[in-house]
Amino acid sequence: MFIEVIKPGALSSFQDLGRHGFQQLGVPANGVMDEHAHRLANALVGNAQAEATLEITLMGPTLRFQAAAAVAVCGADLDATVDGAPLSPGQAFVVPAGATLSFGKRRSGLRAYLAVAGGFALDPVMGSSSTFLRGGYGGAQGKPIRKGDMLVLRNPRQEFPVVSSEIATAIEAEAGKPLRAVRGREWQAFSEPAQRNLAETEYRIGAQSDRMGYRLEGAALLLQEKLELASEAVGFGTIQVPPDGQPIVLMADRQTTGGYPKIAHVCAVDLPRLAQCMPGETVRFTLVSLEEAQKLDLLREEAFNRLEAHLA
């Protein structure tokens, strides 16, 4: 059974929770940009959270289903319809055999995640089905989906579990609030004005932002004095500052190491909100302690654990 790609959209690629355990070999982790939306979409159709979803960016594809299948679309509201009938994001539904799932005008967010009950039939690379576009591997032969592609379904199902709106809402990220961040290793090396700028001013997401990193534009974050650092491992959410003082937040397709000073790290719980922001929009940061960041992450996992228990 398969789904035919009638129109590919702007950029749609298969992603899962990432390719872990190979960074020491220079292999990026990759994976979804918005983990919340990905995990919720899979839960809504009864898939394991590690199952690959189709990450859809800004302008979605048009897909024709050969067989009926339960699907869920979470994350950005990109005006999804089935044969012209509107669909609400964050809910499971059945696409009939022969029907067409389409996406239209962006209403909110940047990235939507399509999960199909039973999953997509993909060949994992180093334990992951995530697409690494720069490397040319994973997902659909290392490329975004293209017109004429046949997306093979592993075991399509029409049944899906009933999820209470209260549990699903508890997992959704808080919109409109500052992104929480913890101080980075080189925090003390930055000037006091730089520290205040990060915590008190807005930054605009630059046009040269993508799955590798978000380049921010705003008040410069300057060091107290020149600093030479050896390259070391970096993570999703690391805020690096190059010599021009304009910060870069490293995202899912980040490099494995970096030598720029790290002023802060965006908390994992808020990375999905950042991933839904697009170039031209502004973000603010607020500093929290490492203990608070860990507490926030535990609360998120507890919400997903309640969801999984509810489904069981």
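Since the structure is predicted, the reported quantities are computational estimates derived from the model, not experimental observations.

Chemist: Which residues make up the side chain of S13, and what are the values?
Modeler: Looking at the element boundaries, S13 is found in strand β2 (residues 11–15). Within the structure, S13 has its side chain in polar contact with the side chain of Q15 (distance 3.1 Å). If we ignore the near neighbours within four places in the chain, the residues touching S13 are T53, L54, E55, T131 and P144.

Chemist: So what about the environment of C74? Which residues, and what values?
Modeler: The topology assignment puts C74 in strand β5 (residues 69–77). Owing to a relative accessible area of 3%, C74 belongs among the buried residues under this scheme. On a C-alpha basis, the gap between C74 and Q276 in space is 11 Å, while along the polypeptide they are 202 residues apart. Here C74 is in contact with A37, L40, A41, L44, G90, R111, A112 and Y113, once residues within four sequence places are set aside.

Chemist: Requested: an account of the sheet that holds strand β12 (residues 179–183), with residues and values cited.
Modeler: Within the open sheet, the eight strands sit side by side as β20-β13-β14-β17-β16-β19-β12-β21. Their pairing is mixed. In the strand order of this sheet, the two ends are held by β20 (282–283) and β21 (285–287), each with one partner. Bridge count for strand β13 (residues 203–205) against strand β14 (residues 213–217) is two bridges, and the pairing is antiparallel. Considered in β14, the bridge of I205 is made with L216. In the packing of helix α3 (residues 192–200) onto the sheet, contacts are made with β13, β19 (262–266) and β21, and the angle to β21 comes to roughly 115°.

Chemist: Can you explain the sheet that holds β5? Please cite residues and give values.
Modeler: Taken in spatial order, the five strands make up an open sheet running β2-β3-β10-β5-β8, and their pairing is antiparallel. Both edges of this open sheet fall to β2 and β8 (92–95), since each of them pairs with a single strand only. Here the average twist between neighbouring strands, direction ignored, is 30°. Strand direction decides the pairing type here: β2 and strand β3 (residues 53–57), joined by five bridges, are antiparallel. Within β3, the residue paired with S13 across the bridge is E55. Packing of helix α1 (residues 35–44) onto the sheet brings it into contact with β2, β3, β5, β8 and β10 (108–116), and relative to β5 it is tilted by some 155°.

Chemist: Help me get a handle on α1, residues and values and all.
Modeler: An α-helical turn contains 3.6 residues, so any two residues separated by three or four positions project in the same direction. Buried residues dominate α1, accounting for nine of its 10 residues. Among the residues of α1, those classed as buried are H36, A37, H38, R39, L40, A41, N42, A43 and L44. Where α1 starts, the residue carrying a side-chain oxygen 3.1 Å from the main-chain nitrogen of H36 turns out to be D34. A positive backbone phi angle near 80° is found at G46, which sits one or two residues after α1.

Chemist: A description of the domain arrangement of the protein should follow, citing residues and the corresponding values.
Modeler: Under the domain assignment, the protein is made up of domain 1 (2–170) and domain 2 (179–305). Of note, the centres of domain 1 and domain 2, computed from C-alpha atoms alone, are 27 Å apart. Carbon and sulfur atoms make up 51% of the area that domain 1 and domain 2 hide from each other, which totals about 2100 Å². Its largest share of buried area at the contact with domain 2, domain 1 owes to M33, H36 and R39, together 31% of the area lost on that side. Linking domain 1 to domain 2 there are four salt bridges. Here E301 makes a salt bridge to R39, at a shortest N to O gap of 2.9 Å. Secondary-structure elements contributing two or more residues to the side of domain 1 that touches domain 2 are α1, β5 and β10. Of the residues belonging to the side of domain 1 that touches domain 2, the class tally is 12 nonpolar, nine polar and seven charged.

Calculation rules
Residues numbered from 1 in each chain as written. Predicted model: local features only at pLDDT ≥ 70, side-chain atom pairs only at ≥ 80, totals over all residues. Heavy atoms only, no water. Helix = DSSP H or I, 4+ residues; strand = E, 2+ residues; numbered from the N terminus. Polar contact = N/O pair within 3.5 Å; in protein donor to acceptor, adjacent residues only side chain to side chain. Contact = heavy atoms within 4.5 Å. Buried < 20%, exposed > 50% of the residue type's maximum accessible area, 1.4 Å probe, protein only. Pairing = 2+ DSSP bridges. Axes fitted to C-alpha atoms, helices over the stretch in contact; angles between N-to-C directions. Domains from an automatic or database assignment. Buried area = accessible area lost by both parts, 1.4 Å probe. Salt bridge = Lys/Arg side-chain N within 4 Å of Asp/Glu carboxyl O. Nonpolar A, V, L, I, M, F, W, Y, C, P; charged D, E, K, R; others polar.

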